[in-house]
Amino acid sequence: MKKIVDCSLSIKNCDADGTFSGYASVFGITDSQGEQVASGAFDLSLKSWAEMGKMPKLLWQHDFRHPIGLWHDIHEDSHGLFVKGQLLLDLNQGREAYSLLKNGIVDGLSIGFATVRARRGGEGRERVRILEEVNLQEISLVTFAANPKAKVERVKMQEPEIEALVSQLDQLGKLLRRGGG
C-alpha cells in the first residue's frame, strides 16, 4: 500500500540581510588626495563614538541626505579600519546599493573625517600628508574610493549550499506529491 503525504515546506530567513564588511581605510597607502592614514589615527575618535554609544553614519557616496544603513562593528587592526555594516533594505537606496554590491559594480569604501593631527612625509614629488589623528564622522559606500585598497570584501548573500539544499528539497517535494515517482 502506498501512502502519499502532501506537505509544504517553508524556509524562512534564507535571504541575505544586507550585511557586508571590508576596510574603510588601509594604513600606509597613498590615496588619490596624496594622503596616507597612519596606524592608530582612528583610536581617539572610535573611543569617543563608543562613549556616546553611537557609531559614525553609513552614507551613500558621502551624501548626508542619503544614510543607507548602520555599522555593527568598526575597529582598527594591523591592516586598517575594518568595518561591518548592514544596509537597510526597506529603503530604496539601501536595496539599490545592495544590488550594486552583490554584482560587484560598487565596492569602494571612503571615510569622511576632520583632521586633528597630520604631518608631511616622504621626499620631493613623493611627499605625502600623513594623517596621524582624525575625527571620523562617516563612512560611505562609493563608486570610486580615494584609497584603492579601501574595499568591501564580503557581501552576505544566500549561500550556494543553501540554494542547492532548497533545490533538492523542492525536487523531493515534487517527488512526494507524485507518490514517490
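What you see is a predicted model; the values in this text were computed from it and never measured.

The rules behind these values
- Residues numbered from 1 in each chain as written.
- Predicted model: local features only at pLDDT ≥ 70, side-chain atom pairs only at ≥ 80, totals over all residues.
- Heavy atoms only, no water.
- Buried < 20%, exposed > 50% of the residue type's maximum accessible area, 1.4 Å probe, protein only.
- Helix = DSSP H or I, 4+ residues; strand = E, 2+ residues; numbered from the N terminus.
- Pairing = 2+ DSSP bridges.
- Salt bridge = Lys/Arg side-chain N within 4 Å of Asp/Glu carboxyl O.
- Contact = heavy atoms within 4.5 Å.
- Polar contact = N/O pair within 3.5 Å; in protein donor to acceptor, adjacent residues only side chain to side chain.
- Core = buried A, V, L, I, M, F, W, Y, C linked by side-chain atoms within 4.5 Å.

Explain the pairing of strand 5 (residues 80-87) here, please?
Sheet faces and side chains relate simply in a regular strand, where the side chains alternate between the two faces. Within strand 5, six of the eight residues are buried, which leaves the element mostly enclosed by the surrounding structure. The sheet contact formed by strand 1 (residues 19-26) and strand 5 spans seven bridges and is antiparallel. Each bridged residue has a counterpart across the sheet, and for Ser21 the counterpart in strand 5 is Lys84. Here seven bridges tie strand 4 (residues 63-76) to strand 5, and the two strands are oriented antiparallel to one another. From the neighbouring strand, Ile74 faces strand 5, where its bridge partner is Val83. Between strand 4 and strand 5, which pair antiparallel in sequence order, lie three residues.

Is there a simple way to think about the pattern of salt bridges in this case?
Any two side chains of opposite charge can pair if their charged atoms end up close together. With the rule as written, the count across this model stands at six salt bridges. Taking the shortest distance from any N to any O, the salt bridge between Arg129 and Glu35 comes out at 2.6 Å. Here the residue Arg129 occupies a position in strand 7 (residues 128-142), and Glu35 occupies one in strand 2 (residues 35-37), the gap between them amounting to 94 residues. Relative accessible area serves as the criterion here: at 14%, Glu35 is assigned to the buried category. The partner of Lys151 in a salt bridge is Asp107, with the nearest N and O atoms 3.5 Å apart.

I'm lost on the environment of Glu138 in this one. Help?
Looking at the secondary structure, you find Glu138 in strand 7. Taking C-alpha positions, Glu138 is 6.9 Å from Phe113, a pair spaced 25 residues apart along the chain. Among residues more than four places away in sequence, those in contact with Glu138 are Pro56, Lys57, Leu59, His62, Ser110, Ile111 and Gly112. Side-chain polar atoms of Glu138 contact the side chain of Ser140, separated by 2.7 Å.

Is there a simple way to explain the side chain of Ser140 in this structure?
Here Ser140 shows up in strand 7. Look at Ser140 and you get buried, because its relative accessible area is 0%. Once residues within four sequence positions are removed from consideration, Ser140 is found in contact with Leu59, Trp60, Gln61, His62, Gly108, Leu109 and Ser110.

When you look at the nonpolar core in this model, what are you seeing that I'm missing?
Most often, soluble globular proteins keep nonpolar side chains buried together rather than apart. Counting residues in each nonpolar core, the largest one holds 30 residues, and the members touching the most others are Phe20, Phe42, Leu81, Leu87, Leu109, Ile139 and Leu141. Among the elements that make up this core, the one with the highest residue count is strand 7 (five residues). Not counting chain neighbours up to four residues away, the residues in contact with Leu141 comprise Phe20, Leu59, Trp60, Gln61, Ile68, Leu87, Ala97, Leu101, Gly108, Leu109 and Val152.

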